[in-house]
Structure formats: C-alpha cells, structure tokens
Amino acid sequence: MTPEPGPRAAIKKLHSAGPLKDLMAEYFHELGEASRNGGRKIAWCTSVGPAELLRAMGFLVYFPENHGALLGTSRVAANVIPAANAIGYAPSICSYLTSDVGAYLRKTTPLARAFGLESVPRPDVLVYNTNQCRDVQDWFAFYQREFGVPMIGIDTPRGVGELTAGHVHGVVEQHKALVPVLERVSGTRFDIDRLREVVACSYRLTRLWKDVLRAAAHRPAPISFFDGTIHMGPAVVLRGDPRAEAYYDILLGELRERIQNNIGAVDHERLRFYWDGMPVWGKLREHAELFAGHGAAVVASTYCNSWIFEALDGADPFEGMSRACMELFIVRSESYKERYLEGMARDYAVDAFVYHDAQTCPNNSNNRYGMPARLASRTGVPYIVMNGDLNDLRMYSEEQARTQIEALVEQLSERP
Ligand code: SF4
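Fair warning: this is a prediction, and the values are worked out from it, not measured in the lab.

### Quick look at the nonpolar core
- The biggest cluster of nonpolar side chains holds 142 residues, and the ones touching the most others in it are Leu182, Trp209 and Phe273.
- Here this core gets nine residues from one element, more than from any other, and that element is helix H9 (residues 192-214).
- Excluding anything up to four places from it in sequence, Leu182 contacts Leu53, Leu54, Met57, Phe59, Val125, Val127, Ile152 and Gly187.

See below:
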C-alpha cells in the first residue's frame, strides 16, 4: 500500500514559545551589555563544560555551540563556512566550528538581528571540555589567538563503559585545577557554598527538562523532537540560573494540559519515531512538517536527552559535575549506547529510528559502526540513515531525505 500523500502538516506551536523568547532575549542582552561596558566577566564554555563552576564564580556564560546552532537555523552558515575553509579549517571538520569562525571572520552574527548585539560577546576566558570531541579545543584555540585571553579546559576520557572511581577522581582534580585561573580572571574568591547552590539549581533544572522530554512518552506526544531543539535553549545556556527553572515550570504546565486534553504536537499521530544524531538546523521546520505530514511524531532523541544530568544530585558539587560530564551519552562506549537506544525505543514505543549521519560530526553520528543493523535485528524496529549535516547544507539532499522518509512510512504502513 502506498502511504497517503502527506496532508498539509498541522504542527501546534507551544504557547510557552513567548516566555522562551523573552528569557533568551534577557540572556543575550545581559551578555551584550557586559561585553559593551565590561561590567561582568564573560566566560565562553563548551556545551557540557563546567558552566556551574563559571556561574558560581560570577561569570556570565556564553556558548559558541549555541551560536553555531543559530548560524544553522538562520541559514547564515552556508555563506560564512567558506571563510573558515579559506584560512585552513577543512570542510570535513565540525561545521559549528567552521560556521562560527567564518561568521567571526565575516563580522556577522544572527545575534544582531535577533537581539540587537553588535557582535558575539567578547570573552575574558575560554573554558572547554573535550568530552564531546577535540574540535571544541581547536575552536577555542582560534579565539585564544584572536583575543589573547586564557584558555583552560578538561580532558575527559571517552568511550567510557562502567564509570570508575578512577575516572571520577581524575576529572574532579581537573575541575579543581581550573579554580585559581578563574579566581584571577574574575577577581572573585571561590566559594564552595555558592557552587553547591548553583549545582543544586542546575539539578532541579535538569529534572524539569527530563520531565518535559518524558511527557512525549504519552500518546499522542504533546511535544516533538523539533519543539525540543528550540525549547532546550535555557537548559543549555542557563544551567544553574533560577530563571531557567521558572521557564520549565511554565512549559511543563502547558504539556500537562495538552496530555489532559489529549492534544498531540502532531495532528492525528499514527507513527512514533526516534531521532538519533544532530538536528539539521537549517531544515528544522521542513523536517517537522515532513514528518507531521505523515502523522509521524518524532517523540524522542539522543540530542535533547543529552542535557539531562542526573549526577548533579550529590553532596559534592565537584563530583557531581565530573560525573555529569562523563555519564553523557556521547562519552560512552558503543555497547552502552546500544543499550540506551534500546531502552528509549521501548520507553517511547518507537516505530522506527531515524539516524542522522552528520558528515562533519562523527561524534554524534551513531550509524557508522553497525549499530542500526544490530539494534534492528534485536528489537525488530526498522531504521533509515539520513545523510546530512548539522550546518553545512551542501552535504544534505532534501530529495533524498524525503524519499527515504516516505519509503519508511510505506514500510510501516504495510505492517500487519
Ligand atoms: S560534538 Fe560534533 S557538533 Fe559538537 S562541537 Fe564536536 S564535532 Fe561539533
């Protein structure tokens, strides 16, 4: 049976998008102000770097990866990546890096139009964690040369199966070693009680974010992966800030109301998909409509779930932060990842997996070593592998993606 042609996709926008926009504007205005008048120190941090420590020491925290995603969604990336390629950053490396460096070289940023910032905020210190990849260190090294500010970081073990006391101890010590540099740059004495407060706030936030994502286990799912990629903003950039907690209370309230009234993010949900890998930022809307047009809700993803940090719930904030940055999916062994995806398929009653093979991010592309086929043979859940990229749309074919998704829907429609 040929699947029915996708009706005009009906995607329901969450009302919480209003308060979300306000909060993100507040966050960027603070950074813009500090960058202009030098009032507060600014730390640049990688996505799962030690943001809580930085906030506890009084820094405003800016995340270049978030800027990379904005360059993708605003489709500025395509125009600026060649500028980074021209100074030797290869087209095959992280396209967040090449977009961000290219935008810097071209003196452009989507923050100007969206939030009125003249440029990205100027850093006082650059702090990375290589838990996700080496690219972040090279990325920050570019800005170290540009701005002449200190660059410090943490090297996390990768491919971690069982987390041992040895793993944790090493990363705790690396966190502590950052403190003297941060004290010098910020002019603030480190205060363990303040760190405890920030980590506790970050933990409450992570629990709320988890509840938001778990709401999609309901059928119909009140929130989709595509909503999640937008609404995760505060969980990424405002960890440890009570305003983010307040925002997720609002969002959760809306989702609970949807559940009560049986309202799905997608009209007439009949299929439920799992998205593994990075979003294709420049095609979020098209993808949301494409899936919704087939009554397919993308109900869960590795990406959005990567900002759930259960480990922050501990008496020792250094240990909590260290465990959190190592319990992360991307850091783990292949067999751990496989078990994780199997559990997700079960918990969210998934009909199929969509693996995005992002050409410039092998770290977030889990299709390359046979995992999809192994999982499919064990669980019976079919899959497709979509070639593309997070930001470099030269590596993505709309036509191919559409054909693959239609074929998958057809296959699922033919199930007994
Ligand atoms: S994990 Fe991937 S997308 Fe993220 S910074 Fe590294 S290479 Fe880029």
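### Looking at empty space enclosed by the protein
- Going through the model one piece at a time under the given rule, you end up with six cavities of 30 Å³ or more.
- By volume, the largest cavity amounts to about 80 Å³.
- Those elements that place two or more of their residues in the lining of the largest cavity are helix H10 (225-231), strand S6 (296-301) and helix H14 (302-305).
- Counting residues per element, the lining of the largest cavity draws most heavily on S6, at four residues.
- Residues that form the lining of the largest cavity fall into these classes: eight nonpolar, four polar and no charged.

### With respect to the packing of helix H1 (residues 17-37) against helix H12 (residues 242-260)
- Across the interface, H1 lies against H12 with an axial gap of 10 Å and an inter-helix angle of 170°. When the axes of H1 and H12 are compared, the pair comes out roughly antiparallel. Residue-level inspection shows Pro19, Leu20, Leu23, Glu26 and Glu30 of H1 in contact with H12, the latter providing Arg243, Ala244, Tyr247 and Ile250.
- For the contact of H1 with H12, a count of residues per class yields six nonpolar, no polar and three charged.

### Side note on the site of the ligand
- The immediate surroundings of the ligand are formed by Cys94, Tyr96, Gln132, Cys133, Val136, Met278, Cys361, Asn363, Asn364 and Leu390.
- The class makeup of the residues in the shell around the ligand is seven nonpolar, three polar and no charged.

### A word on the packing of aromatic side chains
- With the rule as written, the count across this model stands at 29 aromatic pairs.
- Here Trp44 and Phe147 contribute two aromatic rings whose centre-to-centre distance is 5.9 Å and whose plane-to-plane angle is 75°, an arrangement assigned as edge-to-face. Of this pair, Trp44 sits in strand S1 (residues 42-45) while Phe147 sits in helix H7 (residues 135-147), and the two are 103 residues apart along the sequence. For the pair Trp44 and Phe147, one class covers both residues: buried.
- Counting every residue linked through ring pairs, the aromatic cluster contains Trp44, Tyr62, Tyr89, Tyr104, Phe142, Tyr143 and Phe147.
- Seen from the ring of Tyr336, Arg332 lies directly overhead, with NZ or CZ sitting 4.0 Å from the centre.

### Let's talk about the confidence of the model for the protein
- Here the protein averages 95 in pLDDT, while 98% of its residues score no lower than 70.
- Scored below 50 in pLDDT, residues 1-5 makes nine contacts in the model with residues more than four places away or belonging to other chains.

### Some remarks on the pairing of S6
- Where burial is concerned, most of S6 is hidden: six out of the six residues are buried.
- Both strand S5 (residues 271-276) and S6 contribute to a ladder of five bridges, which runs parallel. Looking at the pairing, Leu271 lines up with Ala296 of S6.
- Each parallel crossover has a hand, and for S5 linked through helix H13 (residues 284-293) to S6 it is right-handed.

### Looking at the sheet that holds strand S7 (residues 352-358)
- Strands sit in the order S6-S5-S7-S8 across an open sheet of four strands; the sheet is parallel. Each edge of the open sheet carries a strand with a single partner, namely S6 and strand S8 (383-388). Neighbour-to-neighbour, the strand axes of this sheet turn through a mean angle of 30°, independent of strand direction.
- Packing of helix H16 (residues 334-347) onto the sheet brings it into contact with S5, S6 and S7, and relative to S5 it is tilted by some 160°.

### As for the environment of Asp357
- If you trace the backbone, Asp357 turns up in strand S7.
- Taking relative accessible area as the criterion, Asp357 reaches 9% and is therefore assigned buried.
- With 29 residues separating them along the chain, Asp357 and Met386 place their C-alpha atoms 5.9 Å apart.
- In this view, Asp357 contacts Ser365, Asn367, Arg368, Val385, Met386, Asn387 and Gly388; residues no more than four positions away in its chain are not counted.
- Among the polar contacts listed, one links the side chain of Asp357 to the side chain of Asn367, at a separation of 3.0 Å.

### Section: the pattern of salt bridges
- Under the counting rule described, the total for this entry stands at 25 salt bridges.
- A salt bridge links Glu52 to Arg239; the shortest N-O distance between them is 3.2 Å. Of this pair, Glu52 sits in helix H2 (residues 51-56) while Arg239 sits in the loop between helix H11 (233-237) and H12, and the two are 187 residues apart along the sequence.
- Judged by its relative accessible area of 4%, Arg239 is buried.
- Note that Glu310 and Arg207 form a salt bridge whose closest N and O atoms lie 3.4 Å from each other. Separated by 103 residues along the polypeptide, Glu310 in the loop between H14 and helix H15 (317-327) and Arg207 in helix H9 bring together distant segments of the chain.
- Of the residues examined, Glu310 reaches a relative accessible area of 32% and is grouped as partly exposed.

Here is what the cut-offs are and how they apply
- Residues numbered from 1 in each chain as written.
- Predicted model: local features only at pLDDT ≥ 70, side-chain atom pairs only at ≥ 80, totals over all residues.
- Heavy atoms only, no water.
- Core = buried A, V, L, I, M, F, W, Y, C linked by side-chain atoms within 4.5 Å.
- Buried < 20%, exposed > 50% of the residue type's maximum accessible area, 1.4 Å probe, protein only.
- Helix = DSSP H or I, 4+ residues; strand = E, 2+ residues; numbered from the N terminus.
- Contact = heavy atoms within 4.5 Å.
- 1 Å grid on protein atoms, 1.4 Å probe; cavity = no way out; pocket = protein on both sides within 12 Å on 5 of 7 lines; lining within 4 Å.
- Points joined across faces, edges and corners; volume = space filled by probe spheres on them.
- Nonpolar A, V, L, I, M, F, W, Y, C, P; charged D, E, K, R; others polar.
- Axes fitted to C-alpha atoms, helices over the stretch in contact; angles between N-to-C directions.
- Parallel < 35°, antiparallel > 145°, perpendicular 65-115°, else oblique.
- Near = heavy atom within 4 Å.
- Phe/Tyr/Trp six-rings, centres within 6.5 Å; stacked < 30°, edge-to-face > 60°.
- Lys NZ or Arg CZ within 6 Å of the ring centre and 35° of its normal.
- pLDDT = per-residue confidence, 0-100.
- Pairing = 2+ DSSP bridges.
- Right-handed = clockwise from strand over helix to strand, strands pointing away.
- Polar contact = N/O pair within 3.5 Å; in protein donor to acceptor, adjacent residues only side chain to side chain.
- Salt bridge = Lys/Arg side-chain N within 4 Å of Asp/Glu carboxyl O.

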